[in-house]
Amino acid sequence: MKDRTVLVTGGSGGIGQEIVKRFVHDGYFTIIHYHSHAKRAEALQKELFTKGYENTMVVGADLTNPKEIDDLISTLEEKHIIVDILINNAGIKDDDRLEDMSDQQFKKVIEINVSAPFMLTKRIVPMMKNQRYGRIINISSGLAQHGGIGKINYGASKAAIENMTKNLAKELGPSGITVNTVAPGLIETEMTEDVTDKAKEEYISRVPIRRLVEAKDVAHACAFFADERSSAISNQVIGVNGGLR
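1. Some details on the packing of aromatic side chains
Argument step 1. Within this structure, the stated rule accounts for 2 aromatic pairs.
Argument step 2. Ring geometry for phenylalanine 23 and tyrosine 28: centres 4.9 Å apart, planes at 55°, overall tilted. Note on accessibility: phenylalanine 23 and tyrosine 28 belong to one class, buried.
Argument step 3. Ring geometry for phenylalanine 224 and phenylalanine 225: centres 5.6 Å apart, planes at 50°, overall tilted.
Argument step 4. In this structure phenylalanine 224 comes out as partly exposed when scored by relative accessible area, which is 39%.
Argument step 5. The lysine or arginine in question, arginine 4, covers the ring of tyrosine 133, its NZ or CZ lying 3.6 Å from the ring centre.

As structure tokens, then:
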């Protein structure tokens, strides 16, 4: 049993659930965050409980709302819970070509994918600094590097996350905190349900391993960065994409 606590934002989603399962299985006390999918988060906790894993906690918060983040931090402090590992996984996409994308579409994606992890990280870091230990793991996307049609808001948000990683790794390293990014390729989740079979086939044809990666592959990469033996690894981006370049 590991004496560490991990907070997974968006823990009720497709990738988030696999990250939660991996960390719970590895013995971490795991905080499952959700925003609008309370029943999913509770169902996941119940599923884990029936398998003998009781080391979980479910919390709800709109991470674009500073007050709700402060309330979340207060709840943790009241329970004397220190977050050792923060996984900024929560995110959305709202695709459209430039001419059709509304200002609100762009703003909403940036707010949830960039501003929210900034505000949460800012409030979690003091916990880590106090103990001179921390792992921050950001979830990006291959689109941050490759770009894509109709994805200017999502791609820009993930590029920002990768740059945030670079800045924070340098700023927080002296405090014993590592900061890294996992950048998945195309994965079968709710966020990719609108991708046509033809588009998936074309994508797979460019992937050396000739298949889509799975959410559990992303979870494995997160576990690698969180491991005690990864203390010298920071300011890195792992592309979990089957070798796509």
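Here the narrative resumes.
2. Re the sheet that holds strand β6 (residues 177–184)
Argument step 1. In spatial order, the strands read β3-β2-β1-β4-β5-β6-β7; together these 7 strands make up an open sheet with parallel pairing. If you trace the sheet from one side to the other, it starts and ends with β3 (56–60) and β7 (237–240), each paired once. Strand-to-strand twist in this sheet, taken as the mean axis angle between neighbours without regard to direction, amounts to 20°.
Argument step 2. Of the strands in this sheet, β5 (134–139), β6 and β7 are in contact with helix α6 (residues 152–172), which crosses β6 at around 160°.

3. Examining the pattern of salt bridges
Argument step 1. Enumeration over the complete set of coordinates arrives at 14 salt bridges.
Argument step 2. Lysine 21 serves as the salt-bridge partner of glutamate 18, at 3.9 Å between the closest nitrogen and oxygen. Note that glutamate 18 and lysine 21 are positioned in helix α1 (residues 14–25) at a spacing of 3 residues, about one turn of the helix.
Argument step 3. Residue glutamate 18 is classed as partly exposed on the basis of its relative accessible area, which comes to 26%.
Argument step 4. With a relative accessible area of 25%, lysine 21 lands in the partly exposed category.
Argument step 5. Look at the salt bridges and you will find they share partners, linking Glu18, Lys21, Glu47 and Lys51 into a network.

4. Section: a nonpolar patch on the surface
Argument step 1. Together, Leu98, Phe106 and Ile152 line one region of the surface with nonpolar side chains, adding up to about 290 Å² of accessible area.
Argument step 2. With respect to the secondary-structure elements, leucine 98 resides in the loop between β4 (85–88) and α4 (103–131).
Argument step 3. Its relative accessible area of 62% is what places leucine 98 among the exposed residues.

Rules behind the numbers
Residues numbered from 1 in each chain as written. Predicted model: local features only at pLDDT ≥ 70, side-chain atom pairs only at ≥ 80, totals over all residues. Heavy atoms only, no water. Phe/Tyr/Trp six-rings, centres within 6.5 Å; stacked < 30°, edge-to-face > 60°. Buried < 20%, exposed > 50% of the residue type's maximum accessible area, 1.4 Å probe, protein only. Lys NZ or Arg CZ within 6 Å of the ring centre and 35° of its normal. Pairing = 2+ DSSP bridges. Helix = DSSP H or I, 4+ residues; strand = E, 2+ residues; numbered from the N terminus. Axes fitted to C-alpha atoms, helices over the stretch in contact; angles between N-to-C directions. Contact = heavy atoms within 4.5 Å. Salt bridge = Lys/Arg side-chain N within 4 Å of Asp/Glu carboxyl O. Patch = residues over 30% accessible without salt bridge, like charges linked within 9 Å, V, L, I, M, F, W, Y side chains within 5 Å. Areas by Shrake-Rupley, 256 points an atom, 1.4 Å probe, with all protein chains shown as cover.

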